[in-house]
Amino acid sequence: MSTIFRLDSSIRAVGSQSRAVASTLEDAVREQVGQLDVIRRDVGVFPLPATAWAFATQALALGVHSAPKARGERTADETTAMALATDLADEMLAADAYLFAVPLYNYGVSQHAKAWIDLLITEPRFSVKVPSPIAGRPAYLVVARGGAYGPGTPREGWDHATPWLRRIFEDVWGLNLTLIEVELTLADVNPEMASLRDLAAASLGQAHAAARHAGEQLAKQWMASPAHASTPA
Ligand SMILES: Cc1cc2nc3c(=O)[nH]c(=O)nc-3n(C[C@H](O)[C@H](O)[C@H](O)COP(=O)(O)O)c2cc1C
């Protein structure tokens, strides 16, 4: 059986376009392979504690030139934070492919997604100092943006989330990443963007089509591989 790890980070449980596009990809894989295990981590609705990263970092003395604390020296908060990091790492290692759905907030990465990445990087198996244990695995990043930031737009270059996420997923973790973007998602609700509604609809349609295609391609890849063979539904 094949397994996808899925991260959702929209603060909206309802009406989220990053969730909708990610679901299109997930559904496309499931339709093809029949059975699909999905490990879900929804940091948008169930955020990780904002303090966990600092506790884990301090317990492990990361970024400073001193030894990690021995087990008996760790505070309860540090022990809890490290255990959470271990859970996150185990979830990642248990998957064959990754689906990350991340909105653009305030021109940057969702703080909930960043808290998840930062805590994961404290885990020794996902440290930036060791070879990535998930290098080469397929991954899909669905980015949703209220505006548009492409070449020639007034805010070209203001999306500081997508380049950073690519740096982590592609360069640090070595994932084989496909980017799926949906833009102008605020056009339907912001009267000042009314003239952009057709473009927004086109962007959404393209994102769903790209997600469906990506899901079908992943399923094909899996079905061609004996390690992933499963019985179609
Ligand atoms: C607090 C907040 C800040 C946002 N900041 C930006 C922004 O800087 N740039 C942008 O293009 N859209 C911004 N948006 C819009 C979201 O990116 C957009 O609504 C996106 O579709 C959210 O993802 P979702 O549809 O999966 O919920 C912001 C939305 C919220 C709630």
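This write-up is about the structure you can find in this document. (Residues numbered from 1 in each chain as written. Predicted model: local features only at pLDDT ≥ 70, side-chain atom pairs only at ≥ 80, totals over all residues. Heavy atoms only, no water.)

## Side note on the packing of helix α3 (residues 76-93) against helix α4 (residues 111-122)
Orientation of α3 relative to α4, taken along the N-to-C sense of each, is 95 degrees, at an axis distance of 8 Å. By the angle between their axes, α3 is roughly perpendicular relative to α4. Between α3 and α4, the contacting residues are A81, L84, A85, L88, A89 and M92 on the first element and W116, L119, L120 and T122 on the second. Here the contact of α3 with α4 is built from residues that sort into nine nonpolar, one polar and no charged. (Axes fitted to C-alpha atoms, helices over the stretch in contact; angles between N-to-C directions. Helix = DSSP H or I, 4+ residues; strand = E, 2+ residues; numbered from the N terminus. Parallel < 35°, antiparallel > 145°, perpendicular 65-115°, else oblique. Contact = heavy atoms within 4.5 Å. Nonpolar A, V, L, I, M, F, W, Y, C, P; charged D, E, K, R; others polar.)

## Section: the packing of aromatic side chains
Tallied over the full model, the rule gives eleven aromatic pairs. Residues F5 and Y98 carry aromatic rings whose centres are separated by 6.4 Å and whose planes lie at 50 degrees to one another, so their mutual orientation is tilted. Note that F5 is positioned in strand β1 (residues 2-8) and Y98 in strand β3 (residues 97-105), a separation of 93 residues in sequence. A single burial state applies to F5 and to Y98, both of which are buried. Taking 6.1 Å as the distance between ring centres and 90 degrees as the angle between the ring planes, the aromatic pair formed by W116 and W173 counts as edge-to-face. Of the two residues, W116 is situated in helix α4 and W173 in the loop between α5 (161-172) and β6 (176-182); the sequence distance between them amounts to 57 residues. Exposure remark for W116: the relative accessible area of 0% places this residue in the buried category. For W173, a relative accessible area of 1% corresponds to the buried category. An aromatic cluster is present here, built from F5, Y98, F100, W116, F126, F169 and W173 joined pairwise through their rings. (Phe/Tyr/Trp six-rings, centres within 6.5 Å; stacked < 30°, edge-to-face > 60°. Buried < 20%, exposed > 50% of the residue type's maximum accessible area, 1.4 Å probe, protein only.)

## A closer look at the pattern of salt bridges
A complete count under the given rule lists 19 salt bridges for this structure. A salt bridge links R41 to E91, with the shortest nitrogen-to-oxygen separation between them at 2.7 Å. With R41 in strand β2 (residues 36-42) and E91 in helix α3, the pair connects residues that are 50 residues apart, well separated along the chain. When sorted by exposure, R41 lands in the same class as E91, which is buried. (Salt bridge = Lys/Arg side-chain N within 4 Å of Asp/Glu carboxyl O.)

## A short note on α3
Compared with the 26 Å implied by 1.5 Å per residue over 18 residues, the 26 Å span of α3 between its first and last C-alpha is a close match. Within α3, burial applies to E78, A81, M82, L84, A85, L88, A89, E91 and M92. The elements touched by buried residues of α3 are β1, β2, α2 (52-60), β3 and α4. (Expected span 1.5 Å × (residues − 1).)

## Examining the environment of G44
Here G44 shows up in the loop between β2 and α2. Take G44: its relative accessible area is 10%, and that puts it in the buried class. As a C-alpha pair, G44 and L99 span 55 residues in sequence and 15 Å in three-dimensional space. Residues in contact with G44, not counting those within four places in the same chain, are D8, S9, S10, I11, R19 and H112.

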